[in-house]
Amino acid sequence: MPAPEFWLFKTEPSVFSIEDLEKSPGKTAPWEGVRNYQARNFMRDQMKKKDLGFLYHSNTKETGIYGIVEITKEGYPDAFAFDTNSNYFDPKSKKENPTWYMVDVKLVRKFKKPVLLKDMKEFPQLREMKLLQKGNRLSVMPVSKIEFDFIKSLSQ
DNA sequence: GCCAACGTTGGC
DNA sequence: GCCAACGTTGGC
């Protein structure tokens, strides 16, 4: 069995927050609406059941990591892309050949206090982290095991 | 609300 | 295939 990999999921809390995930049935929800090819490839091709990820709040007052999620369902077509009533509708995605994929994530732990972006920037151990690279806009990205463990150790 | 950085689109 | 124009992301 391959070693688990680690991920980071960005979300705007005004759209979908960690509290929303906590309130979802089984604390589990599909990670729909990703419309970027690189991020899609991670979800479609690389994420495995039991992989862990951070849940990150962007575009908010306190940007940072708010908790840990687990992949409970591997990549499958994002049906919201087929729904003309959805904000995530995309006419180029066809049911017989879907463009967009999603995974299901389950909340494992909500931190008592978030690990804030501004604090992460201070640690030399995290200097290489993808999230912190200038201009990075990926909404789903890999995190190294070392970074994952380090940030976990900072959390409460 | 501003704006830099980036991804996508579409004319040619 | 190039690249300008446009739209979006996301920190501040």
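Residues numbered from 1 in each chain as written. Chains lettered and ligands numbered in written order. Predicted model: local features only at pLDDT ≥ 70, side-chain atom pairs only at ≥ 80, totals over all residues. Heavy atoms only, no water.

A. Structural detail: the protein's contact with DNA strand B. Inspection of the region around DNA strand B gives Tyr 37, Lys 92, Lys 134, Gly 135 and Arg 137 as its neighbouring residues. Of all atoms in DNA strand B that approach within 4 Å of the protein, 62% are sugar or phosphate atoms. Lys 134 has a polar side-chain atom sitting 3.0 Å from a phosphate oxygen of DNA strand B. One of the side-chain N or O atoms of Arg 137 is found 2.4 Å from a base oxygen in DNA strand B. Looking at side-chain class alone, the surface near DNA strand B contains one nonpolar, one polar and three charged residues. (Near = heavy atom within 4 Å. Polar contact = N/O pair within 3.5 Å; in protein donor to acceptor, adjacent residues only side chain to side chain. Nonpolar A, V, L, I, M, F, W, Y, C, P; charged D, E, K, R; others polar.)

B. Representation of the pattern of salt bridges. Under the defined criterion, the tally for this structure stands at six salt bridges. For the salt bridge of Arg 44 with Asp 45, the shortest nitrogen-to-oxygen distance reads 2.8 Å. Since its relative accessible area comes to 34%, Arg 44 is described here as partly exposed. For Asp 45, a relative accessible area of 41% translates into the label partly exposed. In this structure, Lys 145 and Asp 149 form a salt bridge, with 3.0 Å as the shortest nitrogen-oxygen distance. Here the residue Lys 145 and the residue Asp 149 both occupy positions in helix H4 (residues 145–154), the gap between them amounting to four residues, near one helical turn. Its relative accessible area of 33% is what places Asp 149 among the partly exposed residues. A single salt-bridge network, built from bridges that share partners, covers Glu 19, Glu 22 and Lys 110. (Salt bridge = Lys/Arg side-chain N within 4 Å of Asp/Glu carboxyl O. Buried < 20%, exposed > 50% of the residue type's maximum accessible area, 1.4 Å probe, protein only. Helix = DSSP H or I, 4+ residues; strand = E, 2+ residues; numbered from the N terminus.)

C. Focus on the sheet that holds strand E5 (residues 101–116). Here we have six strands laid out as an open sheet, ordered E2-E5-E4-E3-E1-E6, and mixed in their pairing. In the strand order of this sheet, the two ends are held by strand E2 (28–30) and strand E6 (140–143), each with one partner. Here the strands of the sheet are splayed against their neighbours by 35° on average, with no regard to which way each runs. Where strand E4 (residues 64–77) meets E5, ten bridges bridge the pair, whose relative direction is antiparallel. (Pairing = 2+ DSSP bridges. Axes fitted to C-alpha atoms, helices over the stretch in contact; angles between N-to-C directions.)

D. Representation of the packing of aromatic side chains within the structure. Evaluation of the coordinates by the stated rule reveals eight aromatic pairs. Taken together, the ring pairs connect Phe 6, Phe 54 and Phe 148 into an aromatic cluster. In this structure, Arg 44 packs its charged tip against the face of Tyr 101, placed 5.8 Å from the ring centre. Across from the ring centre of Tyr 76, 3.9 Å away, lies the NZ or CZ of Lys 73, which sits over that ring. (Phe/Tyr/Trp six-rings, centres within 6.5 Å; stacked < 30°, edge-to-face > 60°. Lys NZ or Arg CZ within 6 Å of the ring centre and 35° of its normal.)

E. Expanded view of the pairing of E5. Across three bridges, the pairing between E2 and E5 is antiparallel. Each bridged residue has a counterpart across the sheet, and for Pro 30 the counterpart in E5 is Asp 104.

F. Local environment of the nonpolar core. Ranked by internal contacts, the top residues of the largest apolar core, which has 38 residues, are Leu 8, Phe 9, Trp 31, Phe 54, Ile 65, Met 120 and Val 140. Excluding anything up to four places from it in sequence, Leu 8 contacts Phe 54, Tyr 56, Ile 65, Met 129, Leu 131, Ser 139, Val 140, Met 141 and Val 143. (Core = buried A, V, L, I, M, F, W, Y, C linked by side-chain atoms within 4.5 Å. Contact = heavy atoms within 4.5 Å.)

In short, shape yes, function no, at least from these values alone.
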